[in-house]
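Each chain, letter by letter, is given below.
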Amino acid sequence: MRLIDGDKRVEISLKLNGRKVRGRAESRTLLCDFLRHELGAPGTHSGCEHGVCGACTVRIDGILARSCLVLAVQTQGREVESVEGLSLIHISAPTRLGM
């Protein structure tokens, strides 16, 4: 694992809603803030900032996660699906209820 200076902006490459994207963020930037402010995915909200309300829920490599509890740098090379990427036609009812 490489060490990252907390004030230094690093490049983060990931797949967002099936599209390869990249942006820059400080190592302490939360995923929800990175998605909204750097990648332009405004559907991911930071409601309670404690992971309780679920407004920031995304899928990372197919697993539901609270993006207010995940650092953006942790998603390097991963696949992230935000609410903008959801298609209700292709998602089963139990999965929709989990989001």
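So, here's what we can say about the structure.

How each quantity is defined
- Residues numbered from 1 in each chain as written.
- Predicted model: local features only at pLDDT ≥ 70, side-chain atom pairs only at ≥ 80, totals over all residues.
- Heavy atoms only, no water.
- Pairing = 2+ DSSP bridges.
- Helix = DSSP H or I, 4+ residues; strand = E, 2+ residues; numbered from the N terminus.
- Axes fitted to C-alpha atoms, helices over the stretch in contact; angles between N-to-C directions.
- Contact = heavy atoms within 4.5 Å.
- Buried < 20%, exposed > 50% of the residue type's maximum accessible area, 1.4 Å probe, protein only.
- Salt bridge = Lys/Arg side-chain N within 4 Å of Asp/Glu carboxyl O.
- Polar contact = N/O pair within 3.5 Å; in protein donor to acceptor, adjacent residues only side chain to side chain.

## Observations regarding the sheet that holds strand β3 (residues 57–60)
Here comes step 1: Within the open sheet, the 5 strands sit side by side as β2-β1-β5-β3-β4. Their pairing is mixed. In this open sheet, the two strands that pair with only one neighbour each are β2 (19–26) and β4 (63–66). Between one strand axis and the next, the sheet turns by 40° as a mean value, whatever way the strands run.
Here comes step 2: Judged from the 2 bridges that link them, strand β1 (residues 9–16) and strand β5 (residues 79–81) form a sheet pairing that is parallel. The partner of leucine 16 across the bridge, within β5, is valine 80.
Here comes step 3: Packed onto the sheet, helix α1 (residues 31–38) meets β1, β2, β3 and β5 and runs at close to 110° relative to β2.

## Section: unusual backbone geometry
Here comes step 1: Here the phi dihedral of glutamate 49 falls at roughly 60°; this positive angle occurs in a residue that is not glycine.
Here comes step 2: Along the chain, the position of glutamate 49 falls in the loop between α1 and β3.
Here comes step 3: On the basis of relative accessibility, which here comes to 53%, the residue glutamate 49 falls in the exposed class.
Here comes step 4: Even without a glycine there, the phi angle at aspartate 61 is positive, about 50°.
Here comes step 5: Along the chain, aspartate 61 falls in the loop between β3 and β4.
Here comes step 6: Owing to a relative accessible area of 41%, aspartate 61 belongs among the partly exposed residues under this scheme.

## Overview of the side chain of serine 67
Here comes step 1: Tracing the chain through its elements places serine 67 in the loop between β4 and β5.
Here comes step 2: Accessibility expressed as a relative area gives 0% for serine 67, which makes it buried.
Here comes step 3: In contact with serine 67, not counting residues within four places along its chain, are Leu30, Leu31, Cys32, Thr44, Cys56 and Val58.

## Notes on the pattern of salt bridges
Opposite charge on two side chains permits pairing when their charged atoms draw close.
Here comes step 1: Under the defined criterion, the tally for this structure stands at 5 salt bridges.
Here comes step 2: For the salt bridge of arginine 59 with glutamate 81, the shortest nitrogen-to-oxygen distance reads 2.7 Å. You can see arginine 59 sitting in strand β3 and its partner glutamate 81 sitting in strand β5, a full 22 residues away along the chain.

## Digging into the side chain of serine 82
Here comes step 1: Within the secondary structure, serine 82 sits in the loop between β5 and α2 (93–98).
Here comes step 2: Serine 82 gets classed as buried once you look at its relative accessible area, which sits at 0%.
Here comes step 3: Of the polar contacts made by the side chain of serine 82, one reaches the side chain of glutamate 84; its length is 2.5 Å.
Here comes step 4: Beyond its immediate chain neighbours, meaning those up to four positions away, serine 82 contacts Leu16, Asn17, Ala41, Thr44 and Val58.

Scope: geometric values only; no functional claims are made or implied.
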